[in-house]
Amino acid sequence: SQKIEQNSEALNIQEGKTATLTCNYTNYSPAYLQWYRQDPGRGPVFLLLIRENEKEKRKERLKVTFDTTLKQSLFHITASQPADSATYLCALSMNSGYSTLTFGKGTMLLVSP
Amino acid sequence: KAGVTQTPRYLIKTRGQQVTLSCSPISGHRSVSWYQQTPGQGLQFLFEYFSETQRNKGNFPGRFSGRQFSNSRSEMNVSTLELGDSALYLCASTTGVSRPMNTEAFFGQGTRLTVV
């Protein structure tokens, strides 16, 4: 069956450390993988997008990797801050779809001062 | 540039009733997708509309329906509400012209529906 798995347990880290979140998928062949941030009671906000033939993408303190052999993406936040505390969602877009995203359930990140 | 607007923000309905939610996409965007978000299932795709046509549909019962108007605004309707329909309903706006989707989706704040 098709699955997208993100750590269901919250990730607790200290301010200044690097947070690493994982997204694993099964029986999908995504063309693109996206990461979104969601705060409680709000809609997701786009962070980064990476193509299937890209290994790594960076934007300021954010870095995403995409390994289509392992079927895994890693999302890193360096020098984390309490304001980074939120739920982070990975989403796949497929060759067959136009505007449809298939989401993981998200991982909550808690950054303590 | 105005963002995606969803109305209303909150709704409380009784089982058996029906509800209509509205979404106004970003100006120039022709695609509107709807998602249901619950703690147990996460974000699940309901359907997508592009230029007034339903282009894709998720695995939800026929009680969930939608439409899109010529100005790209979209509505979704849920009939015969059940307790399990309580969720955050999100719409997402994109240009909708590329396949696969290679751009970001812009989400509204969502409508929190509670069925009692």
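Refer to the structure printed above.
All of these numbers come straight from a predicted model, not from anything done at the bench.

1. Considerations on the pattern of salt bridges
Piece 1. Tallied over the entire structure, the rule returns ten salt bridges over all chains.
Piece 2. A salt bridge links arginine 61 of chain A to aspartate 84 of chain A; the shortest N-O distance between them is 2.9 Å. Separated by 23 residues along the polypeptide, arginine 61 of chain A in the loop between strand 6 (56-59) and strand 7 (62-67) and aspartate 84 of chain A in the loop between strand 8 (72-77) and strand 9 (86-94) bring together distant segments of the chain.
Piece 3. Look at arginine 61 of chain A and you get partly exposed, because its relative accessible area is 27%.
Piece 4. Sharing partners across several salt bridges, the network here consists of Arg63, Glu82 and Asp85 of chain B.

2. Topic: the sheet that holds strand 8 (residues 74-78) of chain B
All names here are of chain B.
Piece 1. Across the sheet, which stays open at both edges, the four strands sit in the order 1-3-8-7 with antiparallel pairing between neighbours. Each of the sheet's edge strands pairs with one partner strand only, and the pair in question is strand 1 (5-7) and strand 7 (64-68). Adjacent strand axes in the sheet meet at a mean angle of 20°, parallel and antiparallel pairs treated alike.
Piece 2. The sheet contact formed by strand 7 and strand 8 spans five bridges and is antiparallel. Considered in strand 8, the bridge of serine 65 is made with asparagine 77.

3. Things to note about the nonpolar core
Piece 1. Ranked by size, the top nonpolar core spans 24 residues in total, and within it Leu33, Trp35, Phe75 and Tyr88 of chain A carry the most contacts.
Piece 2. Where this core is concerned, the elements lending two or more residues are strand 3 (19-26), strand 4 (30-38), strand 5 (45-51), strand 7, strand 8, strand 9 and strand 11 (107-112) of chain A.
Piece 3. At five residues, strand 9 of chain A tops the list of elements feeding residues into this core.
Piece 4. Listed in part, the 21 residues of the second largest apolar core include Val19, Trp34, Met76 and Ala87 of chain B.

4. Some words on the state of the cysteines
Piece 1. For the structure on display, the rule yields two disulfides over all chains.
Piece 2. Paired by a disulfide, cysteine 23 of chain A and cysteine 90 of chain A hold their sulfur atoms 2.0 Å apart. Here the disulfide of cysteine 23 of chain A and cysteine 90 of chain A is right-handed, its torsion about the S-S bond being about 60°. Remark: cysteine 90 of chain A occurs in strand 9 and cysteine 23 of chain A occurs in strand 3; sequence separation between them is 67 residues. Neither residue differs from the other here; cysteine 23 of chain A and cysteine 90 of chain A are each classed as buried.
Piece 3. Across the disulfide from cysteine 23 of chain B sits cysteine 91 of chain B; the S-S distance is 1.9 Å. Every disulfide takes its handedness from the sign of the S-S torsion; for cysteine 23 of chain B and cysteine 91 of chain B that torsion is 70°, giving right-handed. On the criterion of sequence distance, the pair formed by cysteine 23 of chain B in strand 3 (residues 19-24) and cysteine 91 of chain B in strand 9 (residues 87-94) is long-range, its members being 68 residues apart. The residues cysteine 23 of chain B and cysteine 91 of chain B share a single accessibility class, namely buried.

Reading the values: the criteria
- Residues numbered from 1 in each chain as written.
- Chains lettered and ligands numbered in written order.
- Predicted model: local features only at pLDDT ≥ 70, side-chain atom pairs only at ≥ 80, totals over all residues.
- Heavy atoms only, no water.
- Salt bridge = Lys/Arg side-chain N within 4 Å of Asp/Glu carboxyl O.
- Helix = DSSP H or I, 4+ residues; strand = E, 2+ residues; numbered from the N terminus.
- Buried < 20%, exposed > 50% of the residue type's maximum accessible area, 1.4 Å probe, protein only.
- Pairing = 2+ DSSP bridges.
- Axes fitted to C-alpha atoms, helices over the stretch in contact; angles between N-to-C directions.
- Core = buried A, V, L, I, M, F, W, Y, C linked by side-chain atoms within 4.5 Å.
- Disulfide = S-S within 2.5 Å.

Note that every value here comes from positions in space, so none of it alone points to a role or purpose.
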